[in-house]
Amino acid sequence: RDWSSDVCSSDLQRAPLGGTDRANLAHLQQAGRHLLGLINDVLDVMTLEAGQLTLTPLPTDLDELFGSVDNAMQVLALEKGLRLHWAPRPPDVPAWAIVDALRLNQVLNNLVGNAIKYTDTGEVRVTLRADSPPERDASGTLRQRLVFSVSDTGIGIGPDDHARLFQQIGRAHV
């Protein structure tokens, strides 16, 4: 952990900054957290490839999680002149869910980031919906399947490439 950046960040937060400077500082801090997340994602891929990845499902505020991804991705969308739209959480979807927030954040950042990357004009839209009504399992735990969708006005994936989408990525050994 880089304590010097935390101290510098704390010092800047206490400094008398104008509204624009304070907003820029907040964006800089968010970008720093996003960069750290990308580094952790690389480490997670290595863990996954080694067969050691474990999920940590915890109560998670979905609106807060989406807000975090939105904050990180809006900058990228704005740079390309795109509109990034997050549909409001529907009333049949709970505000809190038991999920691995870190992994869900990684997945959403990846999907939204790729949608922005491959969209030249228009918008990227993120939606959440309930795929089933809530049901109690044998232990009495309330469960509900939720579906996250990311759509865009980009070029899409050609039909010939659909079959390759979920194949394992190969590597050449040199």
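Structure: above.
In this report, we go over the structure that sits alongside the text. All values reported here derive from a predicted model rather than from experimental measurement.

For the protein chain, the count of helices and strands is 5 helices and 7 strands. Across the 174 residues of the protein chain, 22% fall into the buried class. Partitioning the contacts of the protein chain with sequence separation of at least 6, the portion at a separation of at least 24 is 72%.

When we look at a pair of aromatic rings, we describe it by the centre distance and by the angle of the planes. Scanning all chains against the criterion turns up 2 aromatic pairs. Seen in terms of ring centroids, phenylalanine 66 and tryptophan 86 are 5.5 Å apart; in terms of plane orientation they differ by 35 degrees. Their pairing is tilted. Of the two residues, phenylalanine 66 sits in helix 3 (residues 62-79) while tryptophan 86 sits in strand 2 (residues 83-86), which places them 20 residues apart along the sequence. In terms of burial, phenylalanine 66 and tryptophan 86 fall into one category: buried. Judged by centre distance (5.6 Å) and plane angle (85 degrees), the rings of phenylalanine 66 and phenylalanine 148 are edge-to-face.

By size, the foremost hydrophobic cluster in this structure holds 23 residues, and its most contacted members are Leu62, Leu84 and Ile116. At the level of secondary structure, the elements contributing two or more residues to this core comprise helix 3, strand 2, strand 3 (96-99), helix 4 (101-117) and strand 4 (123-130). Top element by residues in this core is helix 3. It accounts for 7 residues. Filtering out sequence-adjacent residues up to four positions away, isoleucine 116 remains in contact with Met73, Leu76, Ala77, Lys80, Leu82, Leu84 and Val124.

What follows covers the side chain of threonine 60. With respect to the element layout, threonine 60 can be found in strand 1 (residues 58-61). Excluding anything up to four places from it in sequence, threonine 60 contacts Leu65, Ala95, Trp96, Ala97, Val99 and Ala101.

Moving on, we get to the sheet that holds strand 4. Across the sheet, 3 strands lie side by side as 2-4-7; this open sheet has mixed pairing. Every interior strand has two partners, whereas the edge strands, strand 2 and strand 7 (146-152), have only one. For this sheet, the mean angle separating the axes of adjacent strands, direction not counted, is 10 degrees. The pairing of strand 4 with strand 7 spans 7 bridges and is antiparallel. Considered in strand 7, the bridge of leucine 128 is made with phenylalanine 148. Against the sheet, helix 3 engages strand 2, strand 4 and strand 7, with an angle of about 175 degrees to strand 2.

Taking 1.5 Å of rise per residue, 18 residues should cover 26 Å, and helix 3 covers 26 Å from first to last C-alpha, within 8% of that figure. Along its length, helix 3 shows its largest kink, about 35 degrees, at methionine 73. All of the buried residues in helix 3 are Leu62, Leu65, Phe66, Val69, Asp70, Ala72, Met73 and Ala77. For helix 3, the capping residue at the N-terminal end is aspartate 61, with a side-chain oxygen 3.0 Å from the backbone nitrogen of aspartate 63. Among the residues trailing helix 3, glycine 81 stands out with phi positive, at a value near 75 degrees.

Rules used throughout
Residues numbered from 1 in each chain as written. Predicted model: local features only at pLDDT ≥ 70, side-chain atom pairs only at ≥ 80, totals over all residues. Heavy atoms only, no water. Helix = DSSP H or I, 4+ residues; strand = E, 2+ residues; numbered from the N terminus. Buried < 20%, exposed > 50% of the residue type's maximum accessible area, 1.4 Å probe, protein only. Contact = heavy atoms within 4.5 Å. Phe/Tyr/Trp six-rings, centres within 6.5 Å; stacked < 30°, edge-to-face > 60°. Core = buried A, V, L, I, M, F, W, Y, C linked by side-chain atoms within 4.5 Å. Pairing = 2+ DSSP bridges. Axes fitted to C-alpha atoms, helices over the stretch in contact; angles between N-to-C directions. Expected span 1.5 Å × (residues − 1). Bend = angle between axes of the 7 residues up to and from the residue. Polar contact = N/O pair within 3.5 Å; in protein donor to acceptor, adjacent residues only side chain to side chain.

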